[in-house]
Each structure stands twice: as C-alpha cells, then as structure tokens.
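Structure assessment
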Amino acid sequence: MTAPLRFAMVGAGWWAHRAHLPALAADASIEFIAVCDPNESRANAAAREFGATAAFTDVAAMIDAVEIDCAVVATPHTTHRPIVEALLRAGVDVLVEKPLATTADDAWSLVELARELGRTLSVGLTYQYAETAAQVREIVATRIGELVCVNAEFSSQTEGLFGTADPAAAHLDDPSVPHGVSYADPRLSGGGQGQTQLTHLLGNLLWNTGKQAREVFAYMNNRGLAVDVVDALTFRLDDGAIGTASSTGTTPEGSAVRHRIRYHGTRAVLEHDLLTAEAWLFEAGGGIRHIENPHDQPAYALSRPVPTFARVVRGEIANPAPADVAAASVALIEAAYISAAEHRPVQVPRGAVHVSKEP
Ligand SMILES: NC(=O)c1ccc[n+]([C@@H]2O[C@H](COP(=O)([O-])OP(=O)(O)OC[C@H]3O[C@@H](n4cnc5c(N)ncnc54)[C@H](O)[C@@H]3O)[C@@H](O)[C@H]2O)c1
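Overview of the structure. Because the structure is predicted, anything quoted here is derived from the model rather than measured. (Residues numbered from 1 in each chain as written. Predicted model: local features only at pLDDT ≥ 70, side-chain atom pairs only at ≥ 80, totals over all residues. Heavy atoms only, no water.)

**A look at the pairing of strand S1 (residues 5–10)**
Counting buried positions along S1 gives 5 out of 6 residues, so the element sits mostly inside the fold. Taken together, the 6 bridges between S1 and strand S2 (residues 30–36) define a ladder with parallel strand orientation. Bridge assignment links Arg6 to a residue of S2, and that residue is Glu31. Crossover connection from S1 via helix H1 (residues 14–26) to parallel S2: handedness right-handed. (Buried < 20%, exposed > 50% of the residue type's maximum accessible area, 1.4 Å probe, protein only. Helix = DSSP H or I, 4+ residues; strand = E, 2+ residues; numbered from the N terminus. Pairing = 2+ DSSP bridges. Right-handed = clockwise from strand over helix to strand, strands pointing away.)

Structure below.
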C-alpha cells in the first residue's frame, strides 16, 4: 500500500466545515496534518474536531514547521493567489476553492507556476466532480456537431450574503454559516455574483466546450451594494460560437433556483442541469436521450473534491477541474467586470490551455 498523502487545510471557515474538513477526516489514504487560519480559535477548534495534529495562524509558519504533500485552500477570493503561490513554491500540490483567482494575471501566473514546478493545481468547481460530469463533457465534444451558441443561467439566494458588510452581523465566530464579510467586501471577494456564482457556471461551460472566450460585453447591477448582484453577459468563444450567461442573486427564499447550460450544436442540443447533475440530449429527428445522475450519488458532490484530488495527485485519474480551464473563466469574468464598468466590449486575455478538448 502507498504511503498516505499528508494534507493541510488552509482556511477553516464555512465551506471548509461543510465540504473539505469532513472529507479530510474521512479518507483513510490521507494523513491530516494541519489546519491554518488567522482566526486562532477556528484553527484550533477545526484541528481538534477533525483530527489534524497541528494548528497554525500563518501559511508561511505552517510551511516551515510541518511536512505536507497537499493543501486544500478555502479562504476569501483575493487571498487565493498569495496562498497558492506560497504552497506551490514549497512543493505542495494544491486544491483551491473557486475562483482560482480574481484577475487573469493572477490566475494565469498560478497556472504557469504550477506547470514550471510540476505541481498539481485543481480548483473546487464542484459541478465538475459530479458523477455525470465527464459524460456530459464527452457528449458536448462528440455528439452535438459544431457548437454555434450556448445559453447559461445561474440564479441563487446570495443577495443577503453580499449585503453583510458589517462584521458584527457576519457570524465571525460561527463557521457553520457563511461569513458575510468574505463575500460582501470587494477587497476580500473581488466581486459578488460574478466571482461567487458565475465562476461555477462559466468554469463548467468552458470545461465542457474546451474553448476560451475571446470577447465579452456585460451589464451588471449592484442593487445598492458594494458588489454586483445581477450580471448579464454576451460573449464570443473560439471558433465563432457565441453565447449568453446571466446570473442573479435575488431569487426569493423558497423559490426554485436554476443552474443550467444549453449547448446548441449543428447536430443536437444538450441541456445540462447542473443542480440535479442530469442532462438531456435533443437529437436531430426528435430523439431524446436522458443522462441521469445515479440515485446513490449526490447531485452536488461537495465531499468529492478532496478524495478526487488525492487520486489525481497519485496519478490514478485525470484532473476533472484543472487550473488552466479555471483560469480561462477567471479571465472572462474579469473582462466582464471591465465591460460593465466601461460600457464597451472587452477582449478576454488568453492563456495557454493545455487540457485536451477531448474527454
Ligand atoms: N465550491 C463551492 O460550492 C463553494 C461554496 C461556498 C464557498 N466556496 C468557496 O470557499 C472559499 C471560502 O469561503 P467560505 O464561505 O468558507 O468563507 P469564510 O469566510 O467562512 O471562511 C474563510 C476562512 O478563511 C480564513 N482566512 C482568511 N485569510 C486567510 C489566510 N491568509 N490564511 C488562512 N486562512 C485565511 C478566514 O479567517 C476564514 O475562517 C471561497 O473561495 C468560496 O468561494 C465554494
């Protein structure tokens, strides 16, 4: 049997508690070494509860003090670049939460650094870890013909989170609920609905199409907050396909949210429901094929990124959420922010995507 991979958790907030800490504690092939969070009581409590041997308040101090092979990073968006860079330079393979970074420069430079150093860099784009994700990607690549148009929609109940700028109301000491300031303060979040939700939608769309965006025109509404709450984008992809993506954080409590992408090809149309992890292929001639999520698999696979990443690091499987495709979505989102602010179409800075279009 191979030696267990030694892991650290960086950031012990809401998402670490919901998704990654339980997964780190549950995986027998992982030795859970350390938790790091500047909030000392959170770091200590998480280490105790999930069985890590050490707790730290600073990433550099953790790197100096303990030997780790891998780290999971779930911290506010604008901290991703420096934390991931320090870990990669220390020889650590990294699974970082979405968005990979908040600017194209930061995202592409992390991709280049990981490549130079020969390290694995994966992103917590949860939809790409669903049981049906690879099948949906294969159908987009092989069954719909030429992609001519794509329409994507993501609605959620995030407006309240974006309005929690007051630290007193932000559950600073309770990791069982989202910590509003991380999302409401643009210095930490880099933006609202775009960085928090569009990143899921566009990350998945670019992963499934194997294309990068070339140009975008966007409108955004902040609804009086410091970050965007409602976003609408029109964009051009490689090879002439065009698309739209809209995302709103205003869905009323109790009302159904939608996370959907429709790929219009010359031979067939594929509709992907990310929320239920199922899809429908509408073929020429009227045939309909349903891609169903297996009943024993979660539609939102929040505990799968950690064990999947461990298998990627061991070389057992391909990376289902590689950083280069995630960087292409960061670039598109940053260009959309510029477009919305300046009321003009914006070219999307492109990088070297090495992941094959074929599944
Ligand atoms: N994949 C998903 O579905 C999903 C869902 C929710 C959140 N997320 C992502 O997870 C990340 C964290 O979100 P959250 O809701 O847990 O936020 P949070 O504010 O609850 O937790 C962030 C934690 O990071 C800590 N932190 C801040 N700076 C740090 C640093 N330099 N080093 C170490 N720790 C630091 C904070 O003290 C806090 O405990 C974000 O990137 C978010 O977008 C992903």
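**What to know about the site of the ligand**
In the neighbourhood of the ligand, 25 residues make up the surrounding shell, with Asp37, Arg42, Ser182, Tyr183 and Tyr300 lying closest. Within the side chain of Glu97, a nitrogen or oxygen atom sits 3.1 Å from a nitrogen atom of the ligand. At a separation of 2.4 Å, an oxygen atom of the ligand approaches a polar side-chain atom of Ser182. For the ligand, the accessible surface in isolation is 850 Å², of which the surrounding protein chains cover 89%. Comparing atom positions with the cavity grids shows the ligand to sit within the largest pocket. Contributing elements (two or more residues each) for the shell around the ligand: H1, helix H4 (80–89) and helix H8 (180–184). Both of domain 1 (5–127) and domain 2 (131–299 + 319–347) provide at least three residues apiece to the shell around the ligand. (Near = heavy atom within 4 Å. Polar contact = N/O pair within 3.5 Å; in protein donor to acceptor, adjacent residues only side chain to side chain. Areas by Shrake-Rupley, 256 points an atom, 1.4 Å probe, with all protein chains shown as cover. 1 Å grid on protein atoms, 1.4 Å probe; cavity = no way out; pocket = protein on both sides within 12 Å on 5 of 7 lines; lining within 4 Å. Sits in = over half its atoms within 2 Å of the grid points. Domains from an automatic or database assignment.)

**A few points about the nonpolar core**
Grouped together as the largest cluster of nonpolar side chains are 79 residues, with contacts concentrated most on Met62, Leu87, Leu100, Leu121, Leu205 and Phe235. With 13 residues, helix H12 (residues 323–342) is the single largest residue contributor to this core. The residue makeup of this core includes at least three contributed by each of domain 1 (5–127) and domain 2 (131–299 + 319–347). Leu121 has contacts with Val84, Leu88, Val94, Val96, Leu100, Leu110, Val111, Ala114, Asn319, Ala321, Pro322 and Ala323, leaving out every residue within four places of it along the chain. Counting residues in hydrophobic clusters, the runner-up holds 26 residues, among them Val35, Ala47, Leu95 and Phe309. (Core = buried A, V, L, I, M, F, W, Y, C linked by side-chain atoms within 4.5 Å. Contact = heavy atoms within 4.5 Å.)

**A short note on the pairing of strand S10 (residues 242–248)**
Side-chain alternation along S10 places Gly243, Ala245 and Ser247 on a buried face and Ile242, Thr244, Ser246 and Thr248 on a face that remains uncovered. Summarising the sheet, strand S7 (residues 147–155) and S10 pair through 7 bridges and their orientation is parallel. Residue pairing for S10: Cys149 is matched across the bridge by Ile242. Bridge count between strand S9 (residues 230–237) and S10: 7 bridges; the pairing is antiparallel. Bridge pairing in S10 places Leu233 opposite Ala245.

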